[in-house]
Amino acid sequence: MSVDPATLKLVEILDKATREIPLDREELLYLLRVSDENDLAKVFNTARLLRKRYFDNKVFVYGFVYFSTYCRNECAFCLYRKSNNSLKRYRKTDLEIMKTALSLVDSGVHLIDLTMGEDPFYFENKESGFAHMIRAVEMIKKSTNIPIMISVGVVPEDILMEFKEAGVDWYATYQETHNPDLYSRLRLGQSYVLRMQRKVEARQMGFLLEEGLLTGVGDTDEDLIDSLEEIKKLGVDQLRVMSFVPQKDTPMQHFPSVPRLKELLVIAVMRIAFPDRLIPASLDVDGLNGLAERLNAGANVVTSIIPPQSGLAGVSNHSLDIEDGNRTVNKIIPVLEQNGLIMASRGDYAEWISLHQNKTRVFREESKHACSNSGGETARA
Ligand code: SAM
Ligand code: MD0
Ligand code: SF4
């Protein structure tokens, strides 16, 4: 019986992936373009096999606190862009932030992600603006020892250092794309170089890094592969992709939509290219209903757990599944189980971080050295 050459090629690529032989550009592109149902199942299967190799059946779960929806920026894709006057914004007090974080910790999450727009209240009053926030972070850390991520935009370097000293573990700042031209049409008026540079600096300060892509924003398959290459150079610990969700009253509200399959394929290709890293399935794109397909594609972290009745928003889906309590730990556990997975313990998460830091120490030290020798373009805040 003759085997179809396309099937043979796919089998060869996936066999290489299973043996963790790095795939070249052309092979990664091939995977991103798979469309046949049987072939897709093979790609997802390989992604899950690699996830199992490094994480067994354990999944991590992150709580999300979007504590201020004010923003000085004009990202074309974002509901919270400065000039959008059609929404009600909020800024939570330090006490509210702490209370929410503590209730998320009680519900069993492994990490608290503190996120805001680039709120002028913080950015324009610099030291005094951030001071309360930094103290709140310190309190959360001291009383719970929970790992903390900040997603607060491109903060000045000295403030970033203060967050580190207060006990923050992760810095998340998504580039969305590594095509500078596309970036300039998405993150209007923001420096591409500065955003990348701050991540390099954060890593030098000892932060763990998360990088993120948006798909369905005019990105090509080539752009997506370029991003994987940049992500490798940056040396990130967690990487994500989210589908663009059109937002009313924003410049991209009528942007043609791309099937969700693209996000799923990118998740699988991320797992294949970075088998031992953390890759989220965000509840923020399609809510609880979209969780199983993202886990099936190889994700190993569920993000955007939000307490109901807290008055807190999501990012790409500001209200989906929040008030009805569908973005809670209790609601995701059955979905994990239906997919042969379980929720990891806090000890498992701590162990992963510590083993991972040991494993990547040499890479991080070498790149720190390379950066300090390169004297590349210095970015300004
Ligand atoms: N303001 C900070 C910043 O932009 O870095 C922190 C917020 S950040 C976590 C918001 C992220 O949500 C963006 O980087 C983008 O990846 C995602 N996002 C925003 N609007 C979105 C949309 N309409 N559809 C999908 N993802 C979106
Ligand atoms: C999420 N809504 O995890 C959150 C957000 C920011 N670090 C994360 C995009 O889906
Ligand atoms: Fe502001 Fe972040 Fe939205 Fe851009 S993505 S408008 S920086 S909140």
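Above this text you will find the structure in question.
This text gives an overview of the structure that appears in the document. What you are looking at is a predicted structure, and each value in this text was computed from that prediction instead of being measured.

### Brief notes about the site of ligand 2
Here comes step 1: Around ligand 2 sit Phe64, Asp113, Thr115, Ser151, Tyr174, Arg240, Met242, Ser282, Asp284, Thr303 and Ser304, and that is every residue in its neighbourhood.
Here comes step 2: Contact distances for ligand 2 include 2.5 Å between an oxygen atom and a side-chain N or O atom of Ser282.
Here comes step 3: Within the side chain of Ser304, a nitrogen or oxygen atom sits 3.0 Å from a nitrogen atom of ligand 2.
Here comes step 4: Considered on its own, ligand 2 offers 300 Å² of accessible surface; in the complex 97% of this is hidden by protein.

### With respect to helix H3 (residues 37-55)
Here comes step 1: Along its 19 residues, H3 runs 26 Å from first to last C-alpha, staying within 8% of the 27 Å computed at 1.5 Å per residue.
Here comes step 2: Among all positions in H3, only Asp39, Leu40, Val43, Phe44, Thr46, Ala47, Leu50, Arg51 and Phe55 are buried. Along H3, the residues classed as buried sweep out an arc of 150° about the axis, all on the same side. Exposed side of H3, more than 90 degrees from the buried face: Glu37 and Asn38 are the residues found there.
Here comes step 3: Of the residues trailing H3, Asp56 is marked for its positive phi of about 55°.

### Structural notes on the site of ligand 3
Here comes step 1: Lining the immediate surroundings of ligand 3 are Tyr66, Cys71, Asn73, Cys75, Phe77, Cys78, Arg81, Gly117 and Arg187.
Here comes step 2: Considering only residue class, the shell around ligand 3 consists of five nonpolar, two polar and two charged.

### A closer look at the packing of helix H1 (residues 5-18) against helix H2 (residues 25-32)
Here comes step 1: Where H1 meets H2, the axes come as close as 11 Å, and the angle between the chain directions of the two elements is 115°. At the point where H1 passes H2, the crossing takes the left-handed sense. Contacts between H1 and H2 involve Ala6, Lys9, Leu10, Ile13, Leu14 and Lys16 from the former and Glu26, Glu27, Tyr30 and Leu31 from the latter.
Here comes step 2: Counted by class, the contact of H1 with H2 contains six nonpolar, no polar and four charged residues.

Reading the values: the criteria
Residues numbered from 1 in each chain as written. Chains lettered and ligands numbered in written order. Predicted model: local features only at pLDDT ≥ 70, side-chain atom pairs only at ≥ 80, totals over all residues. Heavy atoms only, no water. Near = heavy atom within 4 Å. Polar contact = N/O pair within 3.5 Å; in protein donor to acceptor, adjacent residues only side chain to side chain. Areas by Shrake-Rupley, 256 points an atom, 1.4 Å probe, with all protein chains shown as cover. Helix = DSSP H or I, 4+ residues; strand = E, 2+ residues; numbered from the N terminus. Expected span 1.5 Å × (residues − 1). Buried < 20%, exposed > 50% of the residue type's maximum accessible area, 1.4 Å probe, protein only. Arc of directions from axis to C-beta. Nonpolar A, V, L, I, M, F, W, Y, C, P; charged D, E, K, R; others polar. Axes fitted to C-alpha atoms, helices over the stretch in contact; angles between N-to-C directions. Left-handed = near helix turned anticlockwise from the far one by under 90°. Contact = heavy atoms within 4.5 Å.

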